[in-house]
Amino acid sequence: MISSSYIVLYIHYMYTKNIVFSLNATMGNAKEQHKPLPIAKFLSRSTSYGHLSYIFNFSFFLIGLTLGITAVFCFQSFDIMSQISTTSDILLSSNLFALLPPPLPSLPQPPPPPPPTPYNSVFEAINNRESSNFVHDLDDNELLWRASFVSRTREYPNSRVPKVAFMFLTKGNLPFAPIWEIFFKGHKELYSIYVHTHPSFVDSTTQDSVFYKRRIPSKQVHWGKSTMTDAERRLIASALLDLSNERFVLLSEACIPLFNFTNTYNYLINTKLNFVQLFDDPGREGQGRYSSEMSPQISLSNWRKGSQWFASNRKLSVEIVSDSKYYPIFQKYCNPPCYADEHYIPTLINILFPEANSNRSITWVDWSKGGKAHPGTFGKKNVSEEILDKIRFGTNCTYIDSGGNMKSTSLCFLFARKFLPETSQQLLRIAPWYVLLNNTGA
């Protein structure tokens, strides 16, 4: 800063000196060119030239001084502004870095997506869980959602053999499991089994049984309450996860088969109809159970009654598990003496597609005995070959095959109930006779 001021003053000094020297030289030359003047004139001229010299020198001195001071201030301003600019840049950059978040750590690259999984294998994985005692471990919401989703598939990814899903709604053990073992033997590719028990039931099924690891996650069921229908929907949804299941049969621990597997399978597979008993009962135990609170979604004209035990096709089964319109109404307004398990599915099928129903059940019960709420039971004294024959062939009904052909037949029931556990050994003695018999089909 000081060195630059000295340089400016030095330049000013040299510039003034040169000008004065030039003026003196000019005046000297003028003296040589002119003749000597008289003393008085010479003195006056000398005085004039001296004043002019001082005026010129002083003027140039002021101009140089002004230029020097101006230059000094310019240099000072420039230096100060440079320092301010540099300082502000440093502060600004430091503040910006302070405000900016720290740099994020570099994230690892995601692994490449796995190859697409065949549609069927997703649900086969659910049905083949090695580490669980259950068919699957889904809760109700996820189970019903998955079942509704997978079951609306129009085309199947692989060729398949249609199967029958046997769904057992029980309290605990299956007293007639040995009879069912004989019934299922040799037909592994044509059936699936699903068992809904009390949640606290401890299963002791051996690994060589067809019922091994066929339980589904369950909840407690109360007779006459909507929890009974909840359990039915849980069973149907579990069976729907297997795309090969085409027919769905609801059974209890008190049920026994009346024919061999081949005849039962053909009877169910070779028809497009559902086997759901439904009728319009104008009495107190029919229309008398209807609540006007169900209107307008469910009208009295839609209201039907029927047997709890049914055999449905895949289309009806999907409607049952995906129904969010009618079932909540039953849950809210159908409580004892209204029994949802006797009214929900008959009413639903009557609303949606009554033409696809045979209007009869394929599970025989004896309503001539017992009370109004429960059918008659069979003990040791009631079990014989003659009784079983009467159940198997003692009724005539109409059967419509998959081609729409209708015919009358005496083969109307495939299963029978309610047999007491005490009849198990007696039925086993005659089981080979009626279960393995190669009788004619429907």
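This text gives an overview of the structure that appears in the document.

1. Here's the deal with the state of the cysteines
Following the criterion strictly, the structure yields 2 disulfides and no others. The disulfide partner of Cys334 is Cys338, and the gap between their sulfur atoms is 2.0 Å. Disulfide Cys334-Cys338: torsion about the S-S bond near -85 degrees, hence left-handed. Each member of the pair, Cys334 as well as Cys338, carries the same accessibility label: buried. In this model Cys397 forms its disulfide with Cys412; the gap between the sulfur atoms is 2.1 Å. For the disulfide bridge between Cys397 and Cys412, the dihedral angle about the S-S bond is near -110 degrees, and by the sign convention the bridge is left-handed. Separated by 15 residues along the polypeptide, Cys397 in strand β7 (residues 397–400) and Cys412 in the loop between β8 (406–409) and β9 (415–416) bring together distant segments of the chain. Classification of Cys397 by relative accessible area gives buried; the value is 11%. For Cys412, a relative accessible area of 3% puts it in the buried group. Each bonded cysteine of the chain gets a number by its place in the sequence, and the pairs then read 1-2, 3-4.

2. Re the side chain of Ser238
Looking at the secondary structure, you find Ser238 in helix α6 (residues 226–240). A relative accessible area of 0% places Ser238 in the buried class. Of note is the side chain of Ser238, whose polar atom sits 2.8 Å from the side chain of His136. With sequence-adjacent residues up to four places away left out, Ser238 is seen in contact with His136, Leu143, Tyr194 and Ile216.

3. Considering the packing of aromatic side chains
Scanning the model with the defined rule gives 26 aromatic pairs in all. Summarising the aromatic geometry, the rings of Phe166 and Phe261 are spaced 6.3 Å apart at their centres and angled 45 degrees between planes, so their arrangement reads as tilted. With Phe166 in strand β1 (residues 163–169) and Phe261 in helix α7 (residues 261–269), this residue pair connects regions lying 95 residues apart in the sequence. Across this residue pair, the class does not change: Phe166 and Phe261 are buried. An angle of 65 degrees between the planes, with centres 5.9 Å apart, marks the rings of Tyr191 and Phe261 as edge-to-face.

Rules and cut-offs
- Residues numbered from 1 in each chain as written.
- Predicted model: local features only at pLDDT ≥ 70, side-chain atom pairs only at ≥ 80, totals over all residues.
- Heavy atoms only, no water.
- Disulfide = S-S within 2.5 Å.
- Buried < 20%, exposed > 50% of the residue type's maximum accessible area, 1.4 Å probe, protein only.
- Helix = DSSP H or I, 4+ residues; strand = E, 2+ residues; numbered from the N terminus.
- Polar contact = N/O pair within 3.5 Å; in protein donor to acceptor, adjacent residues only side chain to side chain.
- Contact = heavy atoms within 4.5 Å.
- Phe/Tyr/Trp six-rings, centres within 6.5 Å; stacked < 30°, edge-to-face > 60°.

Remember that the coordinates give geometry; whether it matters functionally is a separate question.
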